[in-house]
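Structural characterization, general
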Amino acid sequence: MVELKKKEAECLEAPQEHGNATSPGCKRTWDKLLCWPEADAGEVLALSCPNILFHFMKEPAGMIKRNCTKKGWSDPFPPYHVACPVEDEIPLEEQSYFATIKIIYTVGYSVSITSLIIAVTVLIAFRRLRCPRNYIHVQLFFTFILKAVAIFIKDAVLFQEEGIDHCSFSTTECKISVVFCHYFMMTNFMWLLVEALYLNCLLLSSLSHGRRYFWWLVLFGWGFPTLFTLIWILTKFYFEDTACWDINQGSPYWWLIKGPIIISVGANFVLFINIIRILLQKLDPRQINFNNSSQYRRLSRSTLLLIPLFGTHYIVFNFLPEYTSLGVRLYLELCIGSFQGFIVAVLYCFLNQEVQTEIGRRWHGKRYGLVPVWRRTRWTVPSSSGVKMTTSVC
């Protein structure tokens, strides 16, 4: 659709470059598929099938001819559907492939939503787990949940009927569903960046400073995507209000969504390298005590494990054309990507030692009717007065 719009604009702008002089024959015209140049009366022009149809044609491309008569252009012969025969139905192999992809990512997002809801409930329900670090984990969990829900809603709106022509289908509902899908995708990447930023704050300064940065990080995690999504909505509404706003190939405005995501992924790699550098210094037993070492190890382990799971495939594919390696892209972004929320819930909650300790304490306390005394891991933070103050690991 975007490519046809460009071709049409180029075709209609060309006569203006040569002035407004008119020839006695046929004027340059656009017939919604091809641009027919100026011709003299009695002249016959022949053009090949449009490039956009090459991917869908059953047979090699043919030629379309038009006569320039005194009354104007004749109808194309042979007709487009004869000269450029297009596959009317998707092959059974492709139908099976897309059906399999949909089943896998539906299961993946469902598993992710369920596990993330359980993880959010655990981190909020237990008082000892309520701290800025876990609050950031909860925000990240919410972005995964909302992204999965937005994808389900978009699928329900865009594919509510099998006979819908997606090249011309355009409703307010489908545009809203696409907007929310892009917004929550961007917030998801921003909160992955917030995780890395907050970990840097903890490693570079005291815990109190990390708490001071918390609300700035919250504002960044939700406000930055909101700003760029609103700008993208305005540009699409005024300059590219076509289809359901889901066709991004060749659109310069798509960089308002795509650009911040690529920058966030790149920034994450830089921050992770910095985290590794800091950890190599702070985990030196000659520089810090044992309690600090175990704290930094637990705090950084789950974040460092996310390096191969997030952003690598995205930053590679975003430097390629939109539909390059479509099969691999669909598999990575939909199949493997749909289970990312589940992996995050496992790393940040279910395998978290503090969460396991708290659940075990409650379980044994209720089972035996006692609340045993558990030794909580504590570490020291230097105060302004020089006196050491103790605080919980959270």
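Residues numbered from 1 in each chain as written. Predicted model: local features only at pLDDT ≥ 70, side-chain atom pairs only at ≥ 80, totals over all residues. Heavy atoms only, no water.

Model confidence for the protein chain is summarised by a mean pLDDT of 75, while 68% of its residues fall at 70 or above. Here strand E6 (residues 378-382) stands out as the least confident element of the protein chain, with mean pLDDT 34; helix H4 (residues 132-158) is the most confident, with 91. Per-residue pLDDT stays below 50 along residues 16-22; that stretch engages in one contact with residues further than four places along the chain or on separate chains. Here residues 370-393 scores under 50 on pLDDT; set against residues more than four positions off or in separate chains, the count is 43 contacts. (pLDDT = per-residue confidence, 0-100. Helix = DSSP H or I, 4+ residues; strand = E, 2+ residues; numbered from the N terminus. Contact = heavy atoms within 4.5 Å.)

Right, let's get into the packing of aromatic side chains. Inspection of the entire model under this criterion finds 13 aromatic pairs. With 5.9 Å between their ring centres and 85 degrees between their planes, Trp 232 and Trp 245 make a pair best called edge-to-face. Taken together, the positions of Trp 232 in helix H6 (residues 207-239) and Trp 245 in the loop between H6 and helix H7 (255-282) put the pair 13 residues apart, joining distant regions of the chain. Each member of the pair, Trp 232 as well as Trp 245, carries the same accessibility label: buried. Positioned above the aromatic ring of Trp 255, the side-chain terminus of Lys 258 is 4.6 Å from the ring centre. (Phe/Tyr/Trp six-rings, centres within 6.5 Å; stacked < 30°, edge-to-face > 60°. Buried < 20%, exposed > 50% of the residue type's maximum accessible area, 1.4 Å probe, protein only. Lys NZ or Arg CZ within 6 Å of the ring centre and 35° of its normal.)

With that settled, consider the nonpolar core. Ranked by internal contacts, the top residues of the largest apolar core, which has 26 residues, are Leu 123, Ile 136, Leu 140 and Phe 141. Those elements that place two or more of their residues in this core are helix H3 (92-125), H4, helix H5 (172-204), H6 and helix H11 (340-350). When residues in this core are grouped by element, the largest group, six residues, is from H4. (Core = buried A, V, L, I, M, F, W, Y, C linked by side-chain atoms within 4.5 Å.)

The sheet built from three strands is open, its strands ordered E3-E4-E5 with antiparallel pairing. Each edge of the sheet is formed by a strand with only one pairing partner; in this case those strands are strand E3 (44-48) and strand E5 (72-73). Summarising the sheet, strand E4 (residues 63-69) and E5 pair through two bridges and their orientation is antiparallel. Across the sheet, the residue bridging to Thr 69 is Gly 72, located in E5. (Pairing = 2+ DSSP bridges.)

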